[in-house]
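# Observations on chain architecture
Here's the letter readout for the chains.
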Amino acid sequence: MERAYKIATIGAIISIIALIMIGVSAAGISGRDHNLLGIAWLSLSQISLPIIGPLPLLPPQAVYLMAFADISATSNLFLSFDLAFITSLVFAVGGIMTGIGFYALYKQEQSTMSLISAFCLIVGFGLIAVIIPLGAFPQTTISPWTFLFYYFYTQIIPLTEFTIGWGFGISLAVSALIIVVVYILLGTTMIVVRGKTPKPDLMLSAGILTIIGGLMFIGIIGMVLIFVAYILLALEFKELRK
């Protein structure tokens with residue numbers, strides 16, 4: 001049991017690190033929305049206005065710069081994917097290791113709630129490590145600037161862009177649902193089994209913070225509450241090792 005609680009203590013610490021990484025990822029990942037001003041201007045240029053005549057087209061140099069900016073954004077998207085992959089993996093590892101501690105608590109105290117929480121932590125957070133990278137992987141589309149090149153040269157120069165598609169939103173929604181359910185269940189378990197732990201008040205506080213933090217996890221306040229709950233949980237698992 002001591003080894004399992006040690007793993008869980010480390011898992012709680014890893015989860016704390018993962019929460020910090022999630023905050024960094026949230027600040028770093030942003031959707032790539034195109035400014036279609038060039039396409040709009042190209043359309044307007046077909047109109048011949050009275051006295052003024054046709055509107056001037058964008059000069060080729062401007063089109064080249066737009067296309068270059070479009071392509072250079074690809075590296076940023078793949079950097080965001082790498083960050084999302086690593087963050088979700090660390091978060092999942094922390095959750096799985098924490099789950100091992102609750103499984104040990106089940107073996108020691110025969111608490112069904114601990115067993116359910118262990119299962120949800122291991123399976124649920126394991127799924128997140130798969131769902132987030134799949135949703136964050138950049139999708140391939142044809143760049144809007146391809147059409148500008150086509151207009152100038154009457155042939156399509158294959159400019160390809162990478163963008164984060166709608167799948168990323170779905171993966172975030174599914175992951176958020178898993179996190180909320182698991183944290184509410186985990187917090188409830190902490191409250192139920194607190195009497196069987198060395199520091200019941202510590203476990204009770206962690207349980208309450210986990211439930212509230214789970215319900216508010218998408219916001220910064222929820223993440224802070226979960227952050228504090230993991231610190232208390234790490235201290236509790238440290239006591240269980242004795």
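Residues numbered from 1 in each chain as written. Predicted model: local features only at pLDDT ≥ 70, side-chain atom pairs only at ≥ 80, totals over all residues. Heavy atoms only, no water.

The subject of this paragraph is the overall build of the chain. A tally of regular secondary structure across the chain gives eight helices and four strands. Seen in sequence order, the chain has helices and strands lined up from the N terminus as α-α-β-β-α-α-β-α-β-α-α-α. Long-range contacts, defined here as pairs at least 24 residues apart, represent 72% of the contacts in the chain between residues at least 6 apart. Here the chain displays about 12500 Å² of accessible surface, and carbon together with sulfur accounts for 74% of that area. (Helix = DSSP H or I, 4+ residues; strand = E, 2+ residues; numbered from the N terminus. Contact = heavy atoms within 4.5 Å. Areas by Shrake-Rupley, 256 points an atom, 1.4 Å probe, with all protein chains shown as cover.)

Attention now goes to a nonpolar patch on the surface. There is a patch of nonpolar side chains on the surface, built from I208, I212, L215, M216, I220, I221, V224 and V228 and spanning about 710 Å² of accessible area. Breaking the nonpolar patch down by element, the ones donating at least two residues are α7 (200-215) and α8 (220-240). No other element matches α8, which puts four residues into the nonpolar patch. You can see I212 is positioned in helix α7. (Patch = residues over 30% accessible without salt bridge, like charges linked within 9 Å, V, L, I, M, F, W, Y side chains within 5 Å. Salt bridge = Lys/Arg side-chain N within 4 Å of Asp/Glu carboxyl O.)

So, about the packing of α7 against α8. Contact pair α7 / α8: the axes reach a minimum separation of 8 Å and the direction vectors enclose 155°. Put simply, α7 runs roughly antiparallel to α8. Seen along the crossing, α7 lies across α8 with a hand that is left-handed. Facing L202, M203, S205, A206, L209, T210, I212, G213 and G214 of α7, the residues of α8 in contact are G222, L225, I226, V228, A229, L232, L233, L235 and E236. (Axes fitted to C-alpha atoms, helices over the stretch in contact; angles between N-to-C directions. Parallel < 35°, antiparallel > 145°, perpendicular 65-115°, else oblique. Left-handed = near helix turned anticlockwise from the far one by under 90°.)

Our next topic: helix α4 (residues 112-136). Between its first and last C-alpha atoms α4 spans 36 Å; for 25 residues at 1.5 Å apiece the expected length is 36 Å, and the two agree. Of the positions making up α4, those classed as buried are S114, S117, A118, L121, G124, F125, I128, A129, I132, P133, G135 and A136. (Expected span 1.5 Å × (residues − 1). Buried < 20%, exposed > 50% of the residue type's maximum accessible area, 1.4 Å probe, protein only.)

A word on the side chain of S88. Relative to the helices and strands, S88 resides in helix α3 (residues 60-109). Within the structure, S88 has its side chain in polar contact with the backbone oxygen of F85 (distance 2.9 Å). (Polar contact = N/O pair within 3.5 Å; in protein donor to acceptor, adjacent residues only side chain to side chain.)

All right, on to the environment of Q110 then. Summarising the element assignment, Q110 is placed in the loop between α3 and α4. For Q110, a relative accessible area of 54% translates into the label exposed. Here K107 takes part through its backbone oxygen, which lies 3.4 Å from a polar atom of the side chain of Q110.

On to the packing of aromatic side chains. Scanning the model with the defined rule gives six aromatic pairs in all. Both rings, one in Y103 and one in Y106, keep their centres 5.8 Å apart while their planes meet at 40°; by these two values the pair is tilted. Placement of the pair is Y103 and Y106 together in helix α3, with a separation of three residues, close to one helical turn. Aromatic pair Y183 and Y230: ring centres 6.2 Å apart, planes at 75°, arrangement edge-to-face. Of the two residues, Y183 sits in helix α6 (residues 166-193) while Y230 sits in helix α8, which places them 47 residues apart along the sequence. Neither residue differs from the other here; Y183 and Y230 are each classed as buried. Here the aromatic residues F91, F125, Y183 and Y230 are joined through ring pairs into a cluster of three or more. (Phe/Tyr/Trp six-rings, centres within 6.5 Å; stacked < 30°, edge-to-face > 60°.)

Glancing now at the environment of F237. Looking at where F237 falls in the secondary structure, it is placed in helix α8. When the C-alpha atoms of F237 and A8 are compared, they prove to be 6.7 Å apart, with 229 residues separating the residues in sequence. Not counting residues up to four positions away in its chain, the partners in contact with F237 are Y5, A8, T9, T98, G101 and F102.

Of all hydrophobic cores here, the largest spans 45 residues; its most connected members are L19, F91, F102, F125, Y183, F217 and Y230. Counting residues per element, the ones that place at least two in this core are α1 (2-28), α3, α4, α6, α7 and α8. When neighbours within four sequence positions are excluded, F217 is seen to be in contact with L19, I22, I179, Y183, G222, M223 and I226. (Core = buried A, V, L, I, M, F, W, Y, C linked by side-chain atoms within 4.5 Å.)

In regions of low pLDDT, the predicted coordinates are not meant to be interpreted in detail. When pLDDT is averaged along the chain, the result is 77, and 65% of the positions lie at 70 or above. Predicted confidence in the chain is weakest over helix α2 (residues 37-44), with a mean pLDDT of 47, and strongest over α7, with 92. The low-confidence segment residues 30-46 (pLDDT under 50) makes 32 contacts with residues lying over four places distant or belonging to another chain. (pLDDT = per-residue confidence, 0-100.)

The next thing to look at is the side chain of S114. Considering the arrangement of structural elements, one finds S114 in helix α4. Judged by its relative accessible area of 0%, S114 is buried. Residues contacting S114, with those up to four places away along its chain left out, are F102, L105, Y106, T189 and V193.

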